[in-house]
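As a plain string of letters, each chain reads:
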Amino acid sequence: RRARPAPPPACARRLRGMSSNVDHQREPCPDRILDDIGGAFGMGAVGGGLWHLGKGVYNAPAGGRLLGAAEALRLHAPRIGGSFAVWGGLFSGFDCALVAVRKKEDPWNSIGAGALTGGFLQLRQGPAAAGRSALMGGVLLALIEGVGIMLTRFTASLAQQQQQMELEVPPQPSQQGA
């Protein structure tokens with residue numbers, strides 16, 4: 001296994017990011033899938049755990065709220081985490097497959113992976129449901145990618161403006177002997 005080179009300084013990453021949306025800090029594809037499965041499980045378990053903790057407190061009878069919350073957390077958090085892990089694994093697998101087929105890494109891979117994941121998860125419900133879910137997955141990922149691109153461009157322009165302002169401000173003369 002090859003060692004990865006050290007990341008470039010922050011200023012070089014920022015300048016390179018102005019011309020490209022590619023995330024250079026992600027793992028290579030086979031490792032990325034496992035990394036995304038673990039991250040998705042963690043997000044699902046924590047988020048689902050918090051959700052069901054609150055639901056358990058709300059639905060438990062008075063005097064047993066803490067036990068009700070703990071029971072709801074124990075029962076539902078792993079299930080939600082597992083569901084998120086399946087979604088994350090499929091998405092990452094489809095994303096890596098699209099990168100391998102298309103030979104480039106761009107937002108279209110994520111959009112396609114979202115559509116394929118949504119459709120694949122609904123295949124048991126029939127082709128119509130799978131098609132609708134694929135459409136929704138593609139649209140959702142297109143929205144997410146679009147917002148990400150807009151935020152990247154906005155923050156890059158702000159950083160560029162800040163650098164220009166720093167260059168234009170003349171140094172203040174020091175006030176000695178005052």
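Our subject is the structure that appears above.
Caption draft 1: Geometry of the overall build of the chain. Summing up its helical and strand segments, the chain has 5 helices and 0 strands in all. Starting at the N terminus, the α and β elements of the chain follow one another as α-α-α-α-α. The buried share of the chain, reckoned over its 178 residues, is 24%. Counting contacts in the chain only where the partners sit at least 6 residues apart, residues at least 24 apart contribute 56% of the total. Counting every atom, the chain has about 12800 Å² of accessible surface; 66% of that belongs to carbon and sulfur.

Caption draft 2: Structural view of the state of the cysteines. One pass over the structure, following the stated rule, counts 1 disulfide. There is a disulfide in this structure between C29 and C96, and the S-S distance comes to 2.3 Å. Linking C29 and C96, the disulfide has an S-S dihedral of approximately -100° and is accordingly described as left-handed. Of the two residues, C29 sits in helix α2 (residues 29-59) while C96 sits in helix α3 (residues 65-102), which places them 67 residues apart along the sequence. The exposure class assigned to C96 is buried, which follows from its relative accessible area of 9%.

Caption draft 3: Broad picture of the packing of aromatic side chains. Taken as a whole and assessed by the stated rule, the structure comprises 2 aromatic pairs. Taking 5.2 Å as the distance between ring centres and 10° as the angle between the ring planes, the aromatic pair formed by W87 and F91 counts as stacked. Of this pair, W87 and F91 both sit in helix α3, separated by 4 residues, roughly a single helical turn. Of the residues examined, F91 reaches a relative accessible area of 14% and is grouped as buried.

Definitions and cut-offs
- The numbering scheme is per chain: residues are counted from 1 as the chain's sequence reads.
- Per-residue local features of the predicted model are confined to residues with pLDDT of at least 70, and side-chain atom pairs are confined, for both listing and counting, to 80 or more; whole-chain, interface and lining totals are unaffected and use all residues.
- Side-chain calculation: all heavy atoms of the structure are included, whereas hydrogens and water are not.
- Only DSSP runs of H or I with at least four residues qualify as helices, and only runs of E with at least two residues qualify as strands; both kinds are numbered from the N terminus onward.
- Here the term buried applies to any residue with accessible area under 20% of the maximum for its type, exposed to any over 50%, and partly exposed to those in between, with areas from a 1.4 Å probe on protein chains only.
- Here a residue-residue contact requires only that any non-hydrogen atoms of the pair lie within 4.5 Å.
- Surface accessibility in these figures is a Shrake-Rupley result with a 1.4 Å probe; residues are shielded only by whichever protein chains are displayed.
- Put simply, a disulfide is two cysteine sulfurs that come within 2.5 Å.
- The pairing test for Phe, Tyr and Trp rings, Trp by its six-membered ring, is centres within 6.5 Å, and the orientation test on the planes gives stacked under 30 degrees, edge-to-face over 60, and tilted for anything in between.

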